[in-house]
Amino acid sequence: MTKGLTRKAKRRWFALFWWASALLFLAFLAFPVVWMLSTSLKPTTEIFQMPPTWIPEQATTAAYETLYEKGHFLRYLGNSLLIALATTGISVLVASMAGYAFARVTFVGRKAVLFGILAAQMVPGVLFLLPIFALIKELGLLNTHQGLILANVAFALPFSIWMMYGFYRHIPRDIEEAAWVDGCGVLRTFFKVVMPMARPGLVSCAIFSFLTAWDEFVFALALTTSDELKTLPVGLFSFIGQFGIEWNYLMAGAVLVTLPAMAFFLLFQKHVLSGFAAGAVKG
Amino acid sequence: MRPRRSTRFWRKRSSPVAYLLLSPALVILGVVILYPLLNTLWLSFQHKVLTRPALDAFSGFDNYLKAFAEPEIRTAALQTLLFTLSSVGAKVVLGMLGALLLNVKMRGAAWVRSFYMLPWLVPSVVAALVWRWIFNDQFGIANEMLRRIGGPAVNWLGEAGSAMFAVILVDVWRGLPLMTLLLLAGLQTIPRDTIEAAMIDGAGARHRFLRVVLPQMRTMLVMAGTLSLIGTFNSFNIIWVMTGGGPAHATDILVTHVFRTAFQGFDFGLAAALSVLIILCITLLTAVYRRLLERREGAHVD
């Protein structure tokens with residue numbers, strides 16, 4: 001069919017085809033987000049209007065205001081940020097140290113430990129809810145943020161270690177050896193010379209840990225009971241009971257839970273994509 | 001020659017330091033993952049139902065026998081298979097198409113790529129909630145779109161078949177960006193000209209695509225597929241918030257079933273035995289994945 005066309009014409013047809021397919025994909029991937037945003041800006045009367053409207057006819061921020069007044073949303077936001085950032089800080093540091101050791105030193109059982117860590121990454125946390133609940137209780141950390149942070153760090157660590165291991169393996173050893181020869185200790189070399197070189201890895205690791213903690217729901221639900229300690233997903237879940245079928249409130253809450261994750265992503269987008277691919281592919 | 005000398009240098013100089021660097025990670029994983037794992041293993045050999053503490057006792061393989069005998073568990077296992085295979089299949093096919101699309105150099109492609117990642121940034125509880133609203137049988141946009149093309153009103157989450165379809169769709173929606181990202185990373189190791197020529201030039205080139213590009217992508221496809229298999233197997237949040245495993249257990253998969261066994265039936269022993277079986281399956285899949293990784297690394301020695 002396209003045999004007689006010139007190269008240029010073919011290119012143009014291809015661009016048209018490309019955009020058509022891209023828009024098809026984006027329509028599927030983006031419409032729920034658009035619908036969420038649109039619903040959150042509607043007054044209660046309009047969400048039950050038939051036929052539904054894509055763009056709110058009487059756009060209002062009433063749902064957000066109600067959440068702000070009744071929903072303790074700022075408190076949940078603060079809790080989520082605290083837990084996600086603490087998880088990120090700890091797991092980046094710990095994973096970076098462990099990943100370096102795995103990349104540089106051979107010891108008996110190293111392969112087995114690495115495999116165990118990989119398998120740990122694959123097992124769903126839900127299965128460990130009961131024993132971890134018991135453990136946190138024994139440690140006296142039930143209904144505290146520390147307990148939740150500990151659990152989140154443990155869930156973020158396996159993949160983070162693998163990712164950092166992948167990064168350090170691709171950093172040449174000559175530089176650190178030169179630093180040792182110059183009389184710099186191994187630990188100081190690691191923190192001052194090697195870690196800064198792995199910055200893209202550290203950033204991907206941070207994003208991953210942050211998103212893991214931000215997304216975590218079941219443990220936050222089980223390990224904290226008082227309202228002051230709730231995280232955003234748990235708060236949002238409790239809205240289902242509180243606001244019933246008032247979907248504009250629920251969607252406003254959904255938007256607020258999603259925004260920080262998006263902001264985090266947009267800030268570090270470049271690193272995320274390369275880092276994740278490296279972590280998953282290069283291993 | 002040189003690398004070997006430097007490795008020896010490293011070993012001599014810093015073995016104790018290496019253990020120091022490893023210890024925080026090993027302590028945390030040991031306490032929060034390994035200890036609960038052993039705990040689960042121990043519990044799986046006990047008869048332990050919270051509501052009947054008087055019957056607590058060592059029970060050997062009873063829980064495992066029960067796990068294989070109970071019809072509800074068999075149903076959940078079959079539904080896990082259906083859910084996982086359909087979702088992963090759709091993700092691999094759509095992800096491959098998406099990766100081919102995003103791999104093309106085109107003005108505006110960067111924008112498309114950013115928007116493409118959107119679902120991945122939506123926390124799973126939020127995703128489940130938003131789709132629950134989309135699939136609302138009275139006021140949802142899904143039925144409205146159906147109505148416009150003359151379709152019937154569907155009680156999406158209220159009927160077995162459509163509820164299963166809905167949770168699979170949502171899982172595909174949320175997992176597609178990451179799948180595409182992985183396949184894109186694999187695609188980028190193949191010269192772009194080869195692929196683009198195949199896409200633009202049509203018929204003859206399509207054969208070339210099947211013969212040149214796909215074979216090179218095979219390991220990558222299997223790897224991403226395995227990874228996704230494990231992730232999908234574990235999609236607890238989406239199913240739990242969307243349907244709770246219902247209606248009438250129609251969307252129950254193993255993970256949600258374990259959760260229900262433990263926290264609604266309070267049969268901790270049976271739940272532990274099921275967990276152990278699931279973990280065994282996952283470890284097996286992980287071993288396959290690891291083998292693939294190693295083979296791939298063997299092919300591209302750096």
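Predicted, not measured: the structure shown is a model, and the values here were computed from it.

> How would you sum up the overall build of chain B? Please name residues and give values.
Each helix and strand in chain B was counted, giving 13 helices and two strands. Expressed as a percentage of the 302 residues in chain B, the buried residues total 44%. Put simply, 69% of the contacts in chain B that link residues at least 6 apart link residues at least 24 apart.

> Describe the overall build of chain A, and please don't skip the residues or the numbers.
If you tally the helices and strands in chain A, you get 13 helices and zero strands. When the helices and strands of chain A are placed in sequence order, the string is α-α-α-α-α-α-α-α-α-α-α-α-α. Over its C-alpha trace chain A gives a radius of gyration of 24 Å, far above what one expects of a compact globule, namely 19 Å for 283 residues. C-alpha atoms of chain A, sized along the principal axes, occupy 75 × 75 × 35 Å. A separation of at least 24 residues holds for 77% of the contacts in chain A among residues at least 6 apart in sequence.

> Explain the domain arrangement of chain A residue by residue, including any values.
Residue and element names in this part refer to chain A. For chain A, the assigned domains are domain 1 (7-40) and domain 2 (66-282). Placing a centre on the C-alpha atoms of domain 1 and another on those of domain 2 gives a separation of 33 Å. The partner domain 2 presents six residues to the four residues of domain 1 that form the contact. Tallied by class, the residues present in the side of domain 1 that touches domain 2 amount to two nonpolar, two polar and no charged.

> An account of the nonpolar core is requested, with residue identities and associated values reported.
Soluble, globular proteins show a tendency: their nonpolar side chains are buried together. Counting 169 residues, the largest nonpolar core has Ala98, Ala151 and Ala254 of chain A together with Leu129, Val130 and Met242 of chain B as the members making the most contacts within it. For this core, the leading source of residues is helix α7 (residues 145-169) of chain A, giving 17 residues. Excluding residues that lie within four positions of it along the chain, Ala151 of chain A makes contacts with Ile132, Ile136, Phe219 and Leu223 of chain A together with Val32 of chain B.

> Provide a residue-level description of the packing of α7 of chain A against helix α10 (residues 199-215) of chain A, including the pertinent values.
Residues and elements named next belong to chain A. Contact geometry of α7 with α10 gives a least axis separation of 9 Å together with a crossing angle of 160°. Taken together, the axes of α7 and α10 lie roughly antiparallel to each other. Relative to α10, α7 is oriented so that their crossing is right-handed. Contacts between α7 and α10 pair Asn152, Phe155, Ala156, Phe159, Ser160, Met163, Met164 and Phe167 from the former with Gly201, Ser204, Cys205, Phe208, Ser209, Thr212 and Ala213 from the latter.

> Give a description of the confidence of the model for chain B that names residues and reports values.
Predicted coordinates in regions of low pLDDT should not be interpreted in detail. Residue and element names in this part refer to chain B. Scored by pLDDT, chain B comes out at a mean of 84, with 89% of its residues at no less than 70. Between residues 1-5, whose pLDDT stays under 50, and residues either more than four places distant or in other chains, the model counts zero contacts. What the predictor reports for the complex is a pTM of 0.86 with an ipTM of 0.84.

> How would you explain the interface of chain A and chain B if you had to name every residue and give the values?
Each partner contributes residues to the interface: chain A has 78 residues there, and chain B has 72 residues. In terms of residue count, helix α1 (residues 7-40) of chain A provides more of the side of chain A that touches chain B than any other element does, 16 residues in total. Split by residue class, the side of chain A that touches chain B holds 66 nonpolar, six polar and six charged.

> Tell me what's going on with the packing of α1 of chain A against helix α6 (residues 124-134) of chain B, and back it up with residues and numbers.
Their axes nearest at 10 Å, the elements α1 of chain A and α6 of chain B cross at an angle of 80°. The angle between the axes of α1 of chain A and α6 of chain B places the two elements in the roughly perpendicular class. For the pair formed by α1 of chain A and α6 of chain B, the contact residues are Pro32, Trp35, Met36 and Thr39 of chain A on the first element and Val130, Trp131, Trp133 and Ile134 of chain B on the second. Looking at the contact of α1 of chain A with α6 of chain B residue by residue, the class counts come to seven nonpolar, one polar and no charged.

> Any chance you could break down helix α8 (residues 160-187) of chain B for me, citing the residues and the numbers?
Residue and element names in this part refer to chain B. Helix length check: α8 (28 residues) gives 38 Å between terminal C-alpha atoms against 40 Å at 1.5 Å per residue, within 8%. Of all the bends in α8, the largest measures some 45° and sits at Gly175, one to four residues before the proline Pro177. In terms of burial, α8 is a largely internal element, 22 of the 28 residues being buried.

> Which residues make up the confidence of the model for chain A, and what values go with them?
Taken over all residues, the pLDDT of chain A has a mean of 85, while the share at 70 or more is 92%. When pLDDT is averaged over each helix and strand of chain A, the minimum, 75, is found for helix α13 (residues 247-282) of chain A and the maximum, 93, for helix α4 (residues 73-104) of chain A.

> How would you summarise unusual backbone geometry if you had to cite specific residues and measurements?
Positive phi outside glycine occurs at Asn143 of chain A, with the angle close to 60°. Owing to 15 C-beta atoms within 10 Å, Asn143 of chain A belongs among the partly exposed residues under this scheme.

> Any details on α6 of chain B? Residues and values, ideally.
α6 of chain B sits mainly inside the fold: eleven of its eleven residues count as buried. Here α6 of chain B has its buried residues at Ser124, Val125, Val126, Ala127, Ala128, Leu129, Val130, Trp131, Arg132, Trp133 and Ile134 of chain B.

Rules and cut-offs
In this convention, every chain numbers its residues from 1, walking through the sequence in written order. Working convention: letters from A go to chains and numbers from 1 go to ligands, in the order in which they are written. Whole-chain, interface and lining totals are the exception, using all residues; otherwise, since this is a predicted model, local features are given only for residues with pLDDT of at least 70 and side-chain atom pairs are given and counted only at 80 or more. Each helix is a run of DSSP H or I of at least 4 residues and each strand a run of E of at least 2, with the numbering of both proceeding from the N terminus. Exposure criterion: with C-beta atoms placed from backbone coordinates, a residue whose C-beta has 20 or more other C-beta atoms within 10 Å is buried, one with 12 or fewer is exposed, and one in between is partly exposed. Any two residues are considered in contact once their C-beta atoms, placed from the backbone, lie within 7 Å. Using C-alpha atoms as the atom set, the radius of gyration is obtained and then compared with a globule rule of 2.2 Å times the number of residues to the power 0.38. Boundary definitions for the domains trace back to an automatic or database domain assignment. The residue classification treats Ala, Val, Leu, Ile, Met, Phe, Trp, Tyr, Cys and Pro as nonpolar and Asp, Glu, Lys and Arg as charged. All others, Gly included, are polar. The term nonpolar core refers to a group of buried residues, namely Ala, Val, Leu, Ile, Met, Phe, Trp, Tyr and Cys, whose C-beta atoms join them within 7 Å. The axes used here are C-alpha line fits, helices contributing only the stretch in contact, and every angle between their N-to-C directions lies in the interval 0 to 180 degrees. For classification purposes, an angle smaller than 35 degrees is called roughly parallel, one larger than 145 roughly antiparallel, one from 65 to 115 roughly perpendicular, and anything else oblique. Definitions for this section: a left-handed crossing has its near helix turned counterclockwise from the far helix by less than a right angle. A right-handed crossing has that turn clockwise. The predictor rates its confidence in each residue with pLDDT, a number between 0 and 100. Multiplying 1.5 Å by the helix residue count minus one yields the expected span of that helix. Consider a residue and the seven residues that end there alongside the seven that start there; fitting an axis to each set, the bend is the angle between those axes.

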